[in-house]
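Chain by chain, the residues:
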Amino acid sequence: MYDINFDPANCEACDTCDCLMRCQYMTFDIAEAKREKANINSGRDSRVLTGCATCYACEEYCPNGNHPFYVIVERQEEKGFLPAPAPITRQQILMMKPKGTITPKPVRAPVIDMCYFPMLTGSIRPPLYENPSIIVGSDIFCNIMWLHFARNSVIREQLPRVIENIWHFYLRDSGVDELICFHDECYATFSHLAPAFNIEVPFKPIHVFEYIAGRLDALEDAIKPINAKVAYQRPCSSRLIPETGHWVDEIFLKIGAERIERRYDRENALCCGQVLRAHQRDELADDVQNRNLEDMKASGAAYCVFNCPACMLTLAEAAAEKGLFPIHLSDLCQAALQADAAKG
Amino acid sequence: MDNISEVLAEIVGPEYVSDFPEEKYIYSMDPGTMPACEPDIVVMPGSTEEVQKIVQAANARRVPLVPLGAGLVLSGLSRALKGGIVLDMKRMNRIVEINEVSRYALVEAGTSQGMLQAHLKKHFPNLKHSVPDAPPAATIAGNVSIHGSGHMSHAAGFHSDMLNGLEVVLPTGEVVRIGSCAVSPYWFARAPLPDLAGLFLGWAGTTGVITKLAIKLYPNYPLNDVGVFVCEDASLMPDILYRITGTQVAEDVTAWMTPKPDWAAGFLHCNVNYGAQTKNELIWKRNLIRAAVENYIDDKTGGFLPLPGMMKQRFLEAPNRQLAQFADVRKGGGFEYVGAIMPAELFPEAYELGLDIAQKLAVSYSMGCRIIGVNHSMMFYYAYAFNRADPDDVARAQGALEETNKRVLALGGVPWKAEAPAQREILHKMDPNMVEMMRRVRSVLDPNGIMNPGNWEGI
Amino acid sequence: MKYAEILHRCFRCGYCKLPGNYVDFNCPAYAAFRFETYSPGGRMWLLRAWLDHRLEPSRRFQEILFSCTACGNCVEQCALTKIKDELLLAFTAGKAELVDAGKVPPAVGDCLTKLQKYGNPYGISRKKRADWTAAAVELFSDQEFLFFPGDVGAFDSRGREIARSVATLLTRLGVSFGILGEREVSDGNEAHAMGESELFRLLAAENIEQFNERGVKKIIALSPHGYNALKNEYPALGGAYQVFHYSQILAAHAGRLSVKDNPGKARVTYHDPCYLGRHNREYGAARKVLAALPGVEVREMDRCRQDALCCGGGGGNLFSGILANGPESPARNRVAEALETGAAILAVSCPGCAVMLEDAVKSSNLDQRLQIKEISEIVNERLDGRN
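Residues numbered from 1 in each chain as written. Chains lettered and ligands numbered in written order. Predicted model: local features only at pLDDT ≥ 70, side-chain atom pairs only at ≥ 80, totals over all residues. Heavy atoms only, no water.

A. Geometry of the overall build of chain A. The helix and strand tally for chain A stands at 15 helices and 8 strands. A compact globule built from 344 residues would reach a C-alpha radius of gyration of about 20 Å, and chain A, at 20 Å, matches this within 12%. With respect to the principal axes defined by its C-alpha atoms, chain A has extents near 60 × 50 × 40 Å. Within chain A, the fraction of its 344 residues that count as buried is 59%. Looking at chain A alone, contacts between residues at least 24 apart form 72% of all its contacts between residues at least 6 apart. Put simply, chain A shows about 13600 Å² of open surface, and 51% of that area lies on carbon and sulfur atoms. Distance from the positive charge centre (35 side chains) to the negative charge centre (46 side chains) of chain A: 3 Å. (Helix = DSSP H or I, 4+ residues; strand = E, 2+ residues; numbered from the N terminus. Rg over C-alpha atoms; globule rule 2.2 N^0.38 Å. Buried < 20%, exposed > 50% of the residue type's maximum accessible area, 1.4 Å probe, protein only. Contact = heavy atoms within 4.5 Å. Areas by Shrake-Rupley, 256 points an atom, 1.4 Å probe, with all protein chains shown as cover. Lys, Arg positive; Asp, Glu negative; His and termini not counted. Charge placed at Lys NZ, Arg CZ, Asp CG, Glu CD.)

Structure, rendered in structure tokens:
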């Protein structure tokens, strides 16, 4: 049940093997890449299973939409390869377990899904967010993070229930069928991962950036341009939903922020490093974070703009030390609307 | 006792003497489970001279005298078991001297941990002392005299190991300096003289009143970090602790195991605190510590939690304020713990013992340990929360504490800052010649038996 | 007794005795008396013992309870997050029980009696409430603000100086205000803090009636005590107004408070009053005023903002004198701390603090080294060229 939409024949026919050839954390020549990909597909051992940084990038690189990363995670679990230590994996799963405390609540559009980030609901405030209904809690946690822990099984177990919770406790009875996902990962879960796993989603996920872009249009007269250079930290989850990338550019344009072109952005973005630390690869995490932040600093950016709360928790302090103002994109838009002081 | 109040009022001033019911009530107990024992009088001296006069007056009248710091021992060691006078030392809280180059602080006995910490932060930011996890109101002298431990104990031992010298008032009224300060204006060490400090450490105030003490200070690094190592198998812990402590780069190594929140149950966490002058040094130390337990990381049986900076703050706090919150677990304002000093190699047995007692007696628990020295021993604690408004709950916690003390002793550990009943258990097990020697020492120092009677006796 | 259910939950860990940076004891009663009974933890356990009939509400017991100045340091610092917000409420409830039982220290009883009889704790005729103005201030009738001087501002000699100074400065700045004059009674904050909630309600009702009759919408309070009551307690009794402390009004005019060619160097340290600071989180307004004055160098004490040491006047102690001015009094401790900053002026924004701290300066023989000045006095001096 919930098999991944994957056809090994597509890989056999693929000449470029972009999923491995473009990997930022492992190096291959084309022959080895094809060999390792065949090993993965067939369930044989592969150094990819232990070397994978779980950055999701190969999902984006694959020209065939053949879900190379989901398959890596599948094989890791099948073969008992754990990227993170067993106690940490188990403890994280316990920490994020649904509490079963969800109760029906009437909502009205726009419904904003805050996943399991109750501490961020303060970001959802006027004028950028207009009369929203907010849903949040352990029972609607999207569960996509288990991709980093070789636990597709937990996703399969929890995600259908989460989707059902959202639909039955909030949306259906209120006649709302669109869900605005504040967290990139939630949008990726419902729009990319769920279909890939053949899990049905009865509602339409909307990326928060699409909503924000619309609101900025409506509030155009109130915008005071930021007039600053910004460096954007593209999170791993964006790799699953590259089609949303244009919203980021549009939002920056609308608020008068210049997204500086730098080395580690867009398709060359680097992981924030926190997952690498969970995998006990501290030196790699140090290297990745240093390169990323130095790149931001060298670009002359004033702000380090985040999409993902986890990236922000990981990098904000270090970004500030480099002289960059860490801020979530939503809060930067609020600042452009001069609603209140930007909160880092 | 007729005129003792007046005598004391003459010495310290009437505003610092009380035989009112209110003071007698509050000073009759500490926040632990031990039952109330009311003193007859509470007195608060402001100087060594006043302490001396008080002691002389008490000695002349054979009135029991109980020195008290902040009263946070939790095992009731500052209760007036036989009535008498409680000597609240906290007015004597001057920081007399900070010797920066020789790294020591000379303080009066009532100086609190918090005030010394604040003083150093402001005036000597390159220095710190080893802060226990007791609340900041706890006194330096109280903690040293019970062989306390704290945030430098992996690097430097028990807090009593960090003691350079004492000024004490003997039960017979003499003021004695112990350590280099007896010979020199500097309070830099107890060596190379015959070490009399031990006569006042671990004795629960039964041998005299400490009025001043000098303690070692340590470099206060500008950069600090913590790694929290997690595993699920207690049998691995002795080796994990051995390896981590073997690097000798950390300042504090503590483990914690708790059933709440739910995600923590069954996991053993080991906090490794370290500091450095530069970022590179900090990373180097992190890598050294990590390399020490590489084998566990490689076989996936253990690893360091991926904690972002702001989530580490509570583990970097000294003292750890959250520990006090354990007292509210039963909504009852109480917790008490058995701190068992034992070899680190007994970790798995110590842990199983705690789980067993908690299950059998159905008590809320929290367990953990602090490594003393380079794995030379550990202070393994079994904390039990209770609701002080519910006598049954108090009794349950008391039962758990008693059972824990017994089993700790049977295991080969020694209960730390043991309450009077546990002291008797220890004495029963002790080498009889040591028991006799303790008795002899006390009879010499305190012929009238005035100092905190009821402690370390009764067998 | 209300909040009785939290009394036994106190662990007596002592965090409540200290400020957040642990520099010195910060519970004014504990700092003054030093017995554990006078600490917040001591009070919690004593109240519990009384309710359990293990202690009688003796004179000592009463003194211990009423020595609490309601400064809020314990609420700020208590380590037990689930009970900390109710600590002061519990102490006030305990005081209320004592008031109901008629078991209060004589000085407290005296203060409450005067409040009831005269509408102020000084026992001075209501007719003299507006005497402080020397007729320079108009009665309220449609001005933008009602100026509320409170008891200390209306009746204490030093308080009156401050009230006049603030009124003068407000006038200079073109702020439109008037006073109630004789119709004003005590804001009731101290009655409330002393557990006399019924008296507080009566006083508040009287004021609210007067305010509403005149269509008062905005109030400037001189005293942070009055500010606290008017802002936080009056709405529940039917008196909802926009309430400001005068320092906030001055801060809004910060750009107009200085005279460029009369800088005059001064080293100043600022004392945060409890009812403006800890209770209402207003730490910035007075600092903004001082920062607007060229030549004024502001040095912070170690215990500032949420860590400020109470002057010892709250909880009715300004009138009952339980904390008095002994060598260990919080006021003497505070002025010593101010001196340590190297400041020559200790700036205040509360008339009660001014009275307590000036007494402390005198009894510590520090008159030649430290002056207590209220912030409008500092500003007016400069505007008048008197600094």
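B. Representation of helix H11 (residues 245–254) of chain A in the model. All names here are of chain A. Of the residues making up H11, those classed as buried are Trp247, Val248, Ile251 and Phe252. Buried residues of H11, viewed axially, fall in a sector of 135 degrees; they line one side. Tucked inside the fold, the buried residues of H11 contact helix H10 (208–218), strand E5 (228–233), strand E6 (257–259), strand E7 (303–306) and helix H15 (329–336). Positive backbone phi, at 70 degrees, marks Gly256, one or two positions downstream of H11. (Arc of directions from axis to C-beta.)

C. Layout of the interface of chain A and chain B. Counting residues at the interface gives 23 residues for chain A and 25 residues for chain B. Here chain A and chain B share an interface that buries about 2000 Å² over both sides, 55% of which is from carbon and sulfur atoms. Counting every contact that joins chain A to chain B gives 4 salt bridges. Applying the counting rule to chain A against chain B returns 12 residue pairs in polar contact (both at pLDDT 80 or more). Counting only elements with at least two residues in the side of chain A that touches chain B, the list comes to helix H7 (86–95), helix H12 (274–278), helix H13 (282–298) and helix H14 (309–321) of chain A. By residue number, the principal contributor to the side of chain A that touches chain B is H7(A), which donates 7 residues. Class assignment for the residues of the side of chain A that touches chain B results in 11 nonpolar, 4 polar and 8 charged. (Buried area = accessible area lost by both parts, 1.4 Å probe. Salt bridge = Lys/Arg side-chain N within 4 Å of Asp/Glu carboxyl O. Polar contact = N/O pair within 3.5 Å; in protein donor to acceptor, adjacent residues only side chain to side chain. Nonpolar A, V, L, I, M, F, W, Y, C, P; charged D, E, K, R; others polar.)

D. Seen up close, the interface of chain B and chain C. Contacts between the two partners involve 45 residues from chain B and, on the opposite side, 42 residues from chain C. Between chain B and chain C, the buried area comes to about 3700 Å², and carbon and sulfur atoms account for 63% of it. In terms of surface lost to chain C, no three residues of chain B exceed B:Glu22, B:Ile26 and B:Arg321, which account for 19% of the buried area on that side. Inspection of the region where chain B meets chain C yields 4 salt bridges. In this structure, the salt-bridge partner of C:Arg9 is B:Asp328, at a minimum N-O distance of 2.8 Å. Our enumeration of links across chain B and chain C arrives at 14 residue pairs in polar contact (both at pLDDT 80 or more). Listed by contribution, the elements that provide at least two residues to the side of chain B that touches chain C are strand E1 (17–18), helix H2 (21–26), helix H4 (113–123) and strand E16 (333–342) of chain B. When grouped by side-chain class, the residues that make up the side of chain B that touches chain C number 23 nonpolar, 10 polar and 12 charged.

E. Examining the packing of helix H8 (residues 152–174) of chain A against helix H9 (residues 184–196) of chain A more closely. All names here are of chain A. Between H8 and H9, the shortest axis-to-axis distance is 12 Å and the interhelical angle comes to 135 degrees. The angle between H8 and H9 falls in the class oblique. Crossing geometry of H8 relative to H9 is assigned as left-handed. On H9, the residues touching Ile155, Leu159, Ile163 and Ile166 of H8 are Thr189, Phe190, Leu193 and Ala194. Considering only residue class, the contact of H8 with H9 consists of 7 nonpolar, 1 polar and no charged. (Axes fitted to C-alpha atoms, helices over the stretch in contact; angles between N-to-C directions. Parallel < 35°, antiparallel > 145°, perpendicular 65-115°, else oblique. Left-handed = near helix turned anticlockwise from the far one by under 90°.)

F. Representation of the environment of B:Glu22 within the structure. Mapped onto the secondary structure, B:Glu22 falls in helix H2. For B:Glu22, a relative accessible area of 1% corresponds to the buried category. Apart from the residues lying within four places of it in its own chain, the contact partners of B:Glu22 are C:Thr37, C:Leu46, C:Leu55, C:Glu56, C:Ser58, C:Arg60, C:Phe61 and C:Ile64. Reaching out from B:Glu22, the side chain makes a polar contact with the backbone nitrogen of C:Phe61 at a distance of 3.5 Å.

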